[in-house]
Amino acid sequence: TGAETLLEVNNVEVIYNHVILVLKGVSLNVPKGGITALLGGNGAGKTTTLKAISNLLHSERGEVTKGSIKYKGEEVQDLDPAKLVKKGVIQVMEGRHCFEHLTVEENLMTGAYTRNDGAGAVAADLEMVYSYFPRLRERRKSQAGYTSGGEQQMCAIGRALMSRPETILLDEPSMGLAPQLVEQIFGIVKAVNEGEGVSFLLAEQNTNVALRFAHYGYILESGRVVMDGPAADLRENPDVKEFYLGVG
Ligand code: ATP
């Protein structure tokens, strides 16, 4: 389709600790308004790709040694994560990362800290988040640390939404969650994508569920994209079926 490309990762190489080559020239595009899945097994390099985009590799002694990362045509590789949030790109890290001692609602409000468009707009967006996540409204006064894994994942996505992002980088939302909850969370991601026009780049080991909700997929193996295509085509691809979908 003719959708504008928001994020353009071009031939990116990442090395950890100066010697461990983990991404070996990864290229991918995230179009405006789409859900793009980044698939692959444990250790394939999905998290590393997201962190390269968000410029979060330094604390892990990783660096981008080749290639370019552009958002709306502008090189963003050296921007710190807070500046990237201002440009509309926010990452939801693997493992959820809510502030355990804050309530669910306080967690959501921390997502709005970079905004300066007034309390009214922020309050309206809190309502918007609750409309997608009714469970968070029910739990709004609960301390996040005492909520379930699924609720914490919802809280992390809801907090990202409070920054009014254009693009969310979502790392492994299914991790540790029961199948029904995974289904529910992907359903909400799709509803947010359609209702708010938020674009997603979603790293996921659960190929099956990701390819049912995404529009397009990239499959990473050992730091390289080995296949990509519309999600519907990947679902029907014999190799994807055999190696990733568990059906022969
Ligand atoms: P997972 O689902 O486990 O997060 P992934 O596809 O996201 O898998 P990455 O976390 O990006 O994979 O890891 C890719 C490779 O890089 C793995 O082999 C991992 O051991 C290695 N790696 C990750 N972080 C570091 C680090 N800080 N230092 C050295 N090697 C690392």
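Look up a bit, the structure's there.
Residues numbered from 1 in each chain as written. Predicted model: local features only at pLDDT ≥ 70, side-chain atom pairs only at ≥ 80, totals over all residues. Heavy atoms only, no water.

Next up on the list: helix α1 (residues 46-54). In terms of residue burial, α1 counts as a mostly covered element, since 8 of its 9 residues are buried. Taken together, the buried positions of α1 are occupied by Lys 46, Thr 48, Thr 49, Leu 50, Lys 51, Ala 52, Ile 53 and Ser 54. Once α1 finishes, Asn 55 follows within two positions and takes phi at roughly 60 degrees, a positive value. (Buried < 20%, exposed > 50% of the residue type's maximum accessible area, 1.4 Å probe, protein only. Helix = DSSP H or I, 4+ residues; strand = E, 2+ residues; numbered from the N terminus.)

Applying the stated criterion across every chain yields a total of 2 aromatic pairs. Seen in terms of ring centroids, Phe 186 and Phe 213 are 5.6 Å apart; in terms of plane orientation they differ by 40 degrees. Their pairing is tilted. Placement of the pair is Phe 186 in helix α7 (residues 179-196) and Phe 213 in helix α8 (residues 207-213), with a sequence separation of 27 residues. An identical accessibility class is assigned to Phe 186 and Phe 213; each is buried. Plain terms: the ring middles of Tyr 216 and Tyr 218 are 5.3 Å apart, the flat faces sit at 55 degrees to each other, and that makes the pair tilted. A residue is classified by how much of its surface remains accessible, and Tyr 218, at 8% relative accessible area, is buried. (Phe/Tyr/Trp six-rings, centres within 6.5 Å; stacked < 30°, edge-to-face > 60°.)

The terminal C-alpha atoms of helix α6 (residues 149-161), which comprises 13 residues, lie 19 Å apart, in line with the 18 Å expected from a rise of 1.5 Å per residue. Counting buried residues in α6 gives 12 out of 13 residues, a clear majority hidden from the surface. Among the residues of α6, those classed as buried are Gly 150, Glu 151, Gln 152, Gln 153, Met 154, Cys 155, Ala 156, Ile 157, Gly 158, Arg 159, Ala 160 and Leu 161. Tucked inside the fold, the buried residues of α6 contact β6 (89-92), α3 (104-110), α4 (119-132), α5 (134-138), β7 (167-171) and α7. (Expected span 1.5 Å × (residues − 1). Contact = heavy atoms within 4.5 Å.)

What follows deals with the environment of Val 64. Assignment of secondary structure puts Val 64 in strand β4 (residues 62-71). Along the primary structure Val 64 and Ser 199 are separated by 135 residues, whereas in three dimensions their C-alpha atoms are 24 Å apart. Residue contacts for Val 64: discarding those within four places in its chain leaves Val 12, Glu 13, Val 14, Ala 52, Leu 57 and Gln 77.

With that out of the way, let us pick up the sheet that holds strand β1 (residues 5-16). Sheets are built from strands that pair by backbone hydrogen bonding, the pairs being arranged parallel or antiparallel. Ordered by their spatial adjacency, 4 strands build an open sheet running β2-β1-β4-β5, and the pairing between neighbours is antiparallel. Looking at the sheet topology across the chains shown, the edges are occupied by β2 (20-31) and β5 (74-75). The sheet contact formed by β4 and β5 spans 2 bridges and is antiparallel. Paired with Tyr 71 across the two strands is Glu 74, which belongs to β5. (Pairing = 2+ DSSP bridges.)

As a structural note, the neighbourhood of the ligand is formed by 16 residues, with Asn 42, Gly 45, Lys 46, Thr 47 and Thr 48 the closest of them. Take Thr 48: an N or O atom from its side chain is 2.5 Å from an oxygen atom of the ligand. Here Gln 205 contributes a side-chain N or O atom positioned 3.1 Å from an oxygen atom of the ligand. Alone, the ligand offers 630 Å² of accessible surface; in the complex the protein occludes 69% of this. No other element matches α1, which puts 3 residues into the shell around the ligand. Residues of the shell around the ligand, tallied by class, amount to 4 nonpolar, 8 polar and 4 charged. (Near = heavy atom within 4 Å. Polar contact = N/O pair within 3.5 Å; in protein donor to acceptor, adjacent residues only side chain to side chain. Areas by Shrake-Rupley, 256 points an atom, 1.4 Å probe, with all protein chains shown as cover. Nonpolar A, V, L, I, M, F, W, Y, C, P; charged D, E, K, R; others polar.)

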